[in-house]
Amino acid sequence: MIDRLDTRETESVPATGEAATTIRLETVVNGRPVSAEIEPRTLLLDFLRDRLGLTGAKRSCDVQVCGVCTVLLDGKPVSACSTLAYEAHGREVLTIEGLARFGELHPIQQAFMERTAIQCGFCTPGMILTTKALLDENPRPTREEIAAYLGGNLCRCTGYWMIIEAVEHAARLMAGEEDRS
Ligand code: FES
Ligand code: FES
């Protein structure tokens with residue numbers, strides 16, 4: 001994948017902190033090639049938040065339980081708090097910041113808004129990205145399949161029903177069966 005990248009557009013991210021043994025990370029984040037020297041122990045969540053300024057993915061439990069740090073790695077949800085940044089080498093990362101295109105919300109974002117599936121919003125980026133992975137895999141999931149797929153994304157506010165309805169609404173929007181309001 002990296003071989004196809006136009007290096008003229010590669011964003012080079014300066015290293016931070018003390019000099020240390022570093023490795024070069026070549027990845028694609030939200031469609032943009034990124035090249036950076038990182039410490040091998042750097043976590044993907046820290047790289048995204050602290051080096052790239054992409055703060056949509058949050059940190060809470062820090063032990064791969066709550067899902068608020070979810071991003072997509074080659075289209076699959078991962079907990080960025082428990083994933084090494086170097087695991088993204090030669091792969092593509094999608095964060096919530098990369099979902100809207102040309103100023104227009106993704107249908108999943110639209111559906112979460114329209115179904116009021118958001119309260120405090122802390123869990124929402126992870127919920128939406130996990131939903132994207134689900135609907136890319138399975139465009140018409142049942143309620144049980146939605147609940148199972150989103151089982152690793154905890155929400156303390158919504159009671160989950162509005163989230164499940166939003167996922168169903170997103171599936172219909174993406175299938176062209178309903179119009180955006
Ligand atoms: S902060 Fe990563 S799973 Fe909770
Ligand atoms: S909306 Fe608040 S934790 Fe989910």
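Attention now goes to the overall build of the chain. The secondary structure content of the chain amounts to five helices and six strands. Helices and strands in the chain line up, N terminus first, as β-β-β-α-β-β-β-α-α-α-α. Residues classed as buried in the chain amount to 38% of the 181 residues present. In the chain, the proportion of contacts linking residues at least 24 apart, taken out of those at least 6 apart, comes to 60%.

Okay, the pairing of strand E4 (residues 70-73) next. In the sheet, E4 pairs with strand E5 (residues 76-79) via four bridges, with the strands oriented antiparallel. Looking at the pairing, Val71 lines up with Val78 of E5. Taking the residues between adjacent antiparallel strands as the criterion, E4 and E5 are bridged by two residues, where Asp74 takes a positive phi near 50°. The pairing of E4 with strand E6 (residues 92-94) spans two bridges and is classified as antiparallel. Opposite Leu72, over in E6, you have Leu94 as the bridge partner.

Okay, the environment of Lys58 next. With respect to the element layout, Lys58 can be found in the loop between helix H1 (44-51) and E4. Along the primary structure Lys58 and Phe122 are separated by 64 residues, whereas in three dimensions their C-alpha atoms are 7.2 Å apart. Other than its neighbours up to four places away in sequence, Lys58 contacts Val68, Cys69, Phe122 and Pro125.

Close contact between helix H2 (residues 107-114) and helix H5 (residues 161-174) brings their axes to 8 Å; oriented N to C, the two are set at 135°. Between H2 and H5, the interaxial angle falls into the category oblique. Considering how the two elements wind past one another, H2 and H5 form a crossing that is right-handed. Between H2, through Pro107, Ile108, Gln110, Ala111, Phe112 and Glu114, and H5, the contact on the second element is made entirely by Ala166, His169, Ala170, Leu173 and Met174. Here the contact of H2 with H5 is composed, by residue class, of eight nonpolar, two polar and one charged.

Before going further, it helps to spend a moment on the packing of helix H3 (residues 124-137) against H5. Across the interface, H3 lies against H5 with an axial gap of 11 Å and an inter-helix angle of 50°. With respect to each other, H3 and H5 are oriented oblique. Where H3 crosses over H5, the two elements pack in a sense that is right-handed. Here Met127, Thr131 and Leu135 of H3 come into contact with H5, specifically with Ile163, Val167, Ala170, Ala171 and Met174. Residue classes in the contact of H3 with H5 are distributed as seven nonpolar, one polar and no charged.

We now examine the confidence of the model for the chain. Overall, the predicted model of the chain reaches an average pLDDT of 91, with 88% of residues at or above 70. Low pLDDT, under 50, characterises residues 1-9; the predicted model gives this stretch nine contacts beyond four residues in sequence or across chains.

Turning next to H1. Listed in full, the buried residues belonging to H1 are Leu44, Leu45, Phe47 and Leu48. On the buried face of H1, the contacting elements are strand E3 (32-38) and E4. Looking one or two residues past H1, Gly53 carries a phi angle of roughly 70°, positive in sign.

Conventions we followed
Residues numbered from 1 in each chain as written. Chains lettered and ligands numbered in written order. Predicted model: local features only at pLDDT ≥ 70, side-chain atom pairs only at ≥ 80, totals over all residues. Helix = DSSP H or I, 4+ residues; strand = E, 2+ residues; numbered from the N terminus. Buried ≥ 20, exposed ≤ 12 C-beta atoms within 10 Å, placed from the backbone. Contact = placed C-beta atoms within 7 Å. Pairing = 2+ DSSP bridges. Axes fitted to C-alpha atoms, helices over the stretch in contact; angles between N-to-C directions. Parallel < 35°, antiparallel > 145°, perpendicular 65-115°, else oblique. Left-handed = near helix turned anticlockwise from the far one by under 90°. Nonpolar A, V, L, I, M, F, W, Y, C, P; charged D, E, K, R; others polar. pLDDT = per-residue confidence, 0-100.

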